Amino acid sequence: MTANLITDVDGVRVGSADDARLASGVTVVLFDQPAIASIAINGGAPALRDTALLEPEMTVERVDGFVLSGGSAFGLDAAGGAMAYLAEIGRGFEHRGARVPIVPGASLFDLLNGGDKAWGRKPPYWELGLKAASTAAIHFALGTAGAGFGATTYDLKGGLGSASAVTSRGFRVGALVVVNSVGRATRGESLHFWAGAYERHAEFGGLGLGPKDINDALTLRLKSDTPSSSDLAVVVTDAALATTQLKRIAIMAQDGFALALRPAHTPMDNDAVFAAATARASEAPDLRDLTEIGMLAAECVARAVARGVYEALPLSAPGAQPTWRQRQAMNSTSK
């Protein structure tokens, strides 16, 4: 029995911390042992920290975790809090007795969602990062939680989503996504998710793709014409993969955004996907396994996008975006 979360991959834990007044938060993915990792960046406006070391030609291959946060570039401070927690428990890259935790991060833009961002000289993200890391566990909340607390899309509240799958040879794959898209996760104003074709066990409503023709489904709709959106993801497998292979997994997983959002990879997005391998599977993967892992990673990202929107609760600020469930209730009332 699985929880349909990224933590279905053994050795992975997730912690979130958020602030309702701030309308923002942080989510941390931690590994029980350092994991080999890489990254793919397809968006045109990234806010990133310590991601250069994830390229295949770099020396330090393993990470202790990843940090996703709100707050735009201010939120990158959250990695410092996560590092402080990891240092306290003795984690980190060791060099002649010194240890430095390796926790690359990415942040999303949620500064205009109605929350109180007047934090003065000290943004709160370092403390939120510390809290999120110190509370990491197997089970965690979806929707309006952690880094997804203040996330939005063009017309619906965004949020934190997750999903998992198993390959034909038994390798586990999981994804965690923060949905803060410049576009839509649904086909027009309908309740049908673009990711409907990949849904499993009615995990985001069970409505499928809907009819072929839906009004306004193919029209370009943007939350903003400026760089103010981000879709961030972490994908993990238990297969033993090298950095170069994980780079390919991250690239393939990016397609999950294109399966679930319209548009994706735009000039105003921070579409970033971290990929990691815990190497706990008993079998050694071959090229076919690598291909299937990448395929399922993309599908898990797409499913996680829809789950993040489906599970979201509304923000309390005046004029806050409606949630998918509020739209569902309105549609039911009007019939």
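What you see is a predicted model, and the numbers here were worked out from it, not measured in a lab.

Asks: Where do I start with the pattern of salt bridges in this structure?
Replies: Side-chain pairs of opposite charge can arise whenever the charged atoms involved come near each other. Across all of its chains, the model carries 16 salt bridges by this definition. For Asp50, the salt bridge identified is with Arg49, shortest N-O distance 4.0 Å. Residue classification places Arg49 among the partly exposed positions, given a relative accessible area of 25%. Here Asp155 makes a salt bridge to Arg327, at a shortest N to O gap of 3.2 Å. Of this pair, Asp155 sits in the loop between α2 (125-134) and β8 (159-166) while Arg327 sits in helix α5 (residues 324-334), and the two are 172 residues apart along the sequence.

Asks: Explain helix α1 (residues 78-88) here, please?
Replies: Turn by turn, an α-helix covers 3.6 residues, leaving residues three or four places apart pointing in a common direction. The buried fraction of α1 is high, at 8 of 11 residues. Summarising the contacts, the buried residues of α1 are in contact with β2 (24-41), β3 (48-49), β4 (62-69), β6 (98-100) and α2. Just past α1, the residue Gly90 takes up positive phi, approximately 85°.

Asks: Just checking my understanding: could you explain the pairing of strand β1 (residues 12-19) for this structure?
Replies: Look at any regular strand and the pattern is simple: side chains alternate between the two faces of the sheet. Note that β1 and β2 share 8 bridges and pair antiparallel. Paired with Ala17 across the strands is Val26, a residue of β2. The hairpin formed by β1 and β2 contains 4 residues between the paired strands, and Ala23 there has a positive phi angle of roughly 60°.

Asks: Mind showing me how you'd approach the packing of aromatic side chains here?
Replies: Think of a pair of aromatic rings as described by two things: how far the centres are apart, and how the planes are tilted against each other in angle. Taken as a whole, this structure holds 7 aromatic pairs when the rule is applied. Seen from their ring centres, Phe193 and Phe204 are 5.3 Å apart, and the 80° between their planes marks the pair as edge-to-face. Residue Phe193 is found in the loop between β9 (172-180) and β10 (230-237), and its partner Phe204 is found in the loop between β9 and β10; the two are separated by 11 residues along the sequence. Accessibility expressed as a relative area gives 2% for Phe204, which makes it buried. Here a set of aromatic residues connected by ring pairs shows up, and it is made of Phe193, Phe204, Tyr310 and Trp324.

Parameters at a glance
- Residues numbered from 1 in each chain as written.
- Predicted model: local features only at pLDDT ≥ 70, side-chain atom pairs only at ≥ 80, totals over all residues.
- Heavy atoms only, no water.
- Salt bridge = Lys/Arg side-chain N within 4 Å of Asp/Glu carboxyl O.
- Buried < 20%, exposed > 50% of the residue type's maximum accessible area, 1.4 Å probe, protein only.
- Helix = DSSP H or I, 4+ residues; strand = E, 2+ residues; numbered from the N terminus.
- Contact = heavy atoms within 4.5 Å.
- Pairing = 2+ DSSP bridges.
- Phe/Tyr/Trp six-rings, centres within 6.5 Å; stacked < 30°, edge-to-face > 60°.

None of this, on its own, says anything about what the molecule does.
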